Amino acid sequence: MMTLRINYKKREKDFLRLLTQKTVRETAGNSFKEISELLKSTILLILLVFSTNVLNSQTITITKSIATGNDDVEEEGPEGVFGGQGYMYFISSDIELVADFEPTSCGTQKIGLRFTGLTVPKNATIINAYLTFNAIPADSPNTNTGTTNLTIKAQATDNATAFTSTYYNLSSRSTTTASTAWSPGSWTSGVNYNSPSITSIIQEIVNRSGWASGNAMVFSITGTGSRSANSYNGNSTLAPKLTIVYSTSPPINLSTSVTNILCNGNSTGAINLSVSGGTGSFTYDWSNDGPETPDNDPQNLSGMAAGSYVVTVTDAAGTTATATATITQPTTQLTYVAMATNVSSPGGSNGAIDMEIKGGTPSYSYLWNGGATTQNRTNLTAGNYTVTITDANGCTA
């Protein structure tokens, strides 16, 4: 509001209830000792029931190595002169990721890795996954220290078939939408190095309609630079490995409903979080107050300023899911500039007020003392004039 002066110038519960009823019936007339033994058995069964629930919610880790010399291959690059571009090399004693310019050069290669017997159930929730390589000395002019930029993908298929000697048998395979970028640091011979997480790649494969536990996956590694690692033919026990950590608990599904701020600068935003799936109870960790142990944030937020907020939800099985919600506000506050024209002579009525409105959310309404509703005023006498400006969101100035 503004005043202007114009002057002159449920399942286990059913089982336990039935079990208790059965125990009472069968123990009628028995000795105290017999009753005690039956109660012990009942307690043991109860413990087994709850133990099974705990085990079913645990995460599972599997690690698979390259199983044969035909499952880690190098597809020759465009500069290659050994077998020509696209040649599939099966008998290398090492894996060069990805440049191989030692005589006779294979050029900038594509690396193929096939892992078989992956006992990950269809639609399992992938918690973590990565590839492991065991470094060996690089053959000159290749090095283990130069800049290297790699991209990891998987073959987009339900059950990856074995590599063949057909030219381009790796690069001709369709690949996943998901990928992982990797820029490894310097490698030291004899040390194991893990790739960044390839969780999204594995998740895409096990979510396929035809995926089944025990199927195989093929990974392709492309890029530039060089790092040298053991292959199956070089040392079968130190061949590349794939580690997958998964949970069979239902995935956690998150959705958010946001109440945006209507008036710039206010803290009236809110986020309502809906959670489904998962196992058991949930904990919430919102980004606005930093990490906590244990996480004790509320499910929903209110009274929030504008900004982006990230929530991590964890269920009783340790499965996590994240969501991001953004609270917006008008770009600028509702303000105004008022220019008054004073009356030219005592008792005159040629005063005026011109209003310039800035910010807020158009359109605007005006309410002057005395009831006028126009933006500007003319034919005014000397005196005080008050106006309340309201924008489309109900913000006032």
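Conventions adopted
- Residues numbered from 1 in each chain as written.
- Predicted model: local features only at pLDDT ≥ 70, side-chain atom pairs only at ≥ 80, totals over all residues.
- Heavy atoms only, no water.
- Buried < 20%, exposed > 50% of the residue type's maximum accessible area, 1.4 Å probe, protein only.
- Helix = DSSP H or I, 4+ residues; strand = E, 2+ residues; numbered from the N terminus.
- Pairing = 2+ DSSP bridges.
- Axes fitted to C-alpha atoms, helices over the stretch in contact; angles between N-to-C directions.
- Disulfide = S-S within 2.5 Å.
- Contact = heavy atoms within 4.5 Å.
- Polar contact = N/O pair within 3.5 Å; in protein donor to acceptor, adjacent residues only side chain to side chain.
- Core = buried A, V, L, I, M, F, W, Y, C linked by side-chain atoms within 4.5 Å.
- pLDDT = per-residue confidence, 0-100.
- Phe/Tyr/Trp six-rings, centres within 6.5 Å; stacked < 30°, edge-to-face > 60°.
- Lys NZ or Arg CZ within 6 Å of the ring centre and 35° of its normal.

Peer 1: Sorry if this is basic, but what is going on with the pairing of strand 13 (residues 226–230) here?
Peer 2: Of all the 5 residues making up strand 13, 5 are buried; the element is thus mostly covered by neighbouring parts of the structure. With 5 bridges joining them, strand 5 (residues 94–100) and strand 13 adopt antiparallel strand pairing. Residue pairing in the sheet places Glu96 in a bridge with Ser228 of strand 13.

Peer 1: How do you make sense of the sheet that holds strand 21 (residues 335–341) when you look at a structure like this?
Peer 2: For sheets, the rule is that strands pair by backbone hydrogen bonds, running either parallel or antiparallel. As summarised here, the arrangement of the 3 strands in space is 21-22-24, forming an open sheet in which the pairing is antiparallel. Sheet topology places strand 21 and strand 24 (377–380) at the edges, where each strand pairs with a single neighbour. Along the sheet, successive strands turn relative to each other by an average axial angle of 15 degrees, direction set aside. Pairing of strand 21 with strand 22 (residues 351–358) involves 7 bridges; the strand directions are antiparallel. When the bridges of strand 22 are listed, Met339 appears paired with Asp354.

Peer 1: How should I be thinking about the state of the cysteines in this particular structure?
Peer 2: Chemically, a disulfide is nothing more than a covalent bond linking the sulfur atoms of two cysteines. Evaluated as defined, the whole model comprises 1 disulfide. There is a disulfide in this structure between Cys263 and Cys395, and the S-S distance comes to 1.9 Å. Disulfide Cys263 to Cys395: torsion about the S-S bond roughly -105 degrees, handedness left-handed. Of this pair, Cys263 sits in the loop between strand 15 (252–259) and strand 16 (269–277) while Cys395 is found in the segment after strand 25 (383–390), placing the two residues 132 residues apart along the sequence. Classification of Cys395 as buried rests on a relative accessible area of 7%.

Peer 1: Sorry, what's going on with the environment of Ser308 here?
Peer 2: Residue position: Ser308 is located in strand 19 (residues 307–315). When the C-alpha positions of Ser308 and Ala325 are compared, they lie 5.7 Å apart, and in sequence the two are 17 residues distant. If we ignore the near neighbours within four places in the chain, the residues touching Ser308 are Ser287, Ala325 and Thr326. Separated by 2.9 Å, the side chains of Ser308 and Thr326 make a polar contact.

Peer 1: Mind showing me how you'd approach the nonpolar core here?
Peer 2: Generally speaking, soluble globular proteins have nonpolar side chains that are buried together. Grouped together as the largest cluster of nonpolar side chains are 37 residues, with contacts concentrated most on Ile202, Phe219 and Ile221. When contributions to this core are tallied by element, the ones reaching two or more residues are strand 5, strand 7 (110–118), strand 8 (125–134), strand 9 (149–154), helix 3 (199–206), strand 12 (215–224) and strand 14 (241–247). Counting residues in each nonpolar core, the second largest holds 15 residues, with Ile261, Tyr284, Ala321 and Ile327 among its members.

Peer 1: Please clarify how helix 3 should be interpreted in this entry.
Peer 2: Turn by turn, an α-helix covers 3.6 residues, leaving residues three or four places apart pointing in a common direction. Most of helix 3 is tucked away: 6 of the 8 residues are buried. Where helix 3 is buried, its residues touch strand 8, strand 9, strand 10 (180–182), strand 12 and strand 14.

Peer 1: What should I look at first to understand unusual backbone geometry in this one?
Peer 2: Excluding glycine, residues mostly have negative phi values, and the peptide bonds linking residues are mostly trans. With omega at 10 degrees, the peptide bond leading from Ser140 into Pro141 counts as cis. Position of Pro141 among the secondary structure elements: in the loop between strand 8 and strand 9. Omega for the bond connecting Pro362 with Ser363 falls within 30 degrees of zero, at 0 degrees, which places this linkage in the cis form. Looking at the secondary structure, you find Ser363 in the loop between strand 22 and strand 23 (365–368). In the Ramachandran plot, Asn123 falls in the positive-phi region, its phi being about 65 degrees despite a non-glycine side chain.

Peer 1: Please clarify how the environment of Gln203 should be interpreted in this entry.
Peer 2: Within the secondary structure, Gln203 is located in helix 3. Not counting residues up to four positions away in its chain, the partners in contact with Gln203 are Ala124, Thr125 and Ile126.

Peer 1: Would you take a moment to explain the confidence of the model for the chain for this structure?
Peer 2: Note that predicted coordinates carrying low pLDDT should not be read in detail. Averaged over all residues, the pLDDT of the chain is 87; the fraction at 70 or higher stands at 85%. The low-confidence segment residues 7–36, where pLDDT is below 50, has 22 contacts with residues more than four positions distant or belonging to other chains. This model gives residues 38–57 a pLDDT under 50, and the stretch forms 16 contacts once residues within four places in sequence are excluded.

Peer 1: Looking at this model, I keep getting lost on the packing of aromatic side chains. Mind explaining?
Peer 2: To describe a pair of aromatic rings, one takes the distance between the centres and the angle between the planes. According to the stated counting rule, one finds 9 aromatic pairs in the structure shown. Centre to centre, the rings of Trp182 and Trp187 are 6.1 Å apart; their planes meet at 45 degrees, and the pair counts as tilted. Pairing Trp187 with Tyr193 gives two aromatic rings, centres 4.9 Å apart and planes at 0 degrees, and the pair type is stacked. Both residues of the pair, Trp187 and Tyr193, count as buried. The structure contains a cluster of three or more aromatic residues connected by ring pairs, namely Phe82, Tyr87, Tyr89 and Tyr167. Across from the ring centre of Trp368, 5.4 Å away, lies the NZ or CZ of Arg377, which sits over that ring.

Peer 1: I tried to follow the environment of Thr381 on my own but got confused; where do I start?
Peer 2: With respect to the helices and strands, Thr381 occurs in the loop between strand 24 and strand 25. For the pair Thr381 and Gly347, spaced 34 residues apart in sequence, the C-alpha separation works out to 7.0 Å.

Peer 1: Can you help me understand the pairing of strand 7 in this one?
Peer 2: Relative to strand 7, strand 3 (residues 72–75) is paired through 4 bridges, and the arrangement is antiparallel. For Val73, the partnering residue across the bridge sits in strand 7 and is Gly112. Here 6 bridges tie strand 7 to strand 12, and the two strands are oriented antiparallel to one another. Note that in strand 12 the partner of Arg114 across the bridge is Val218.

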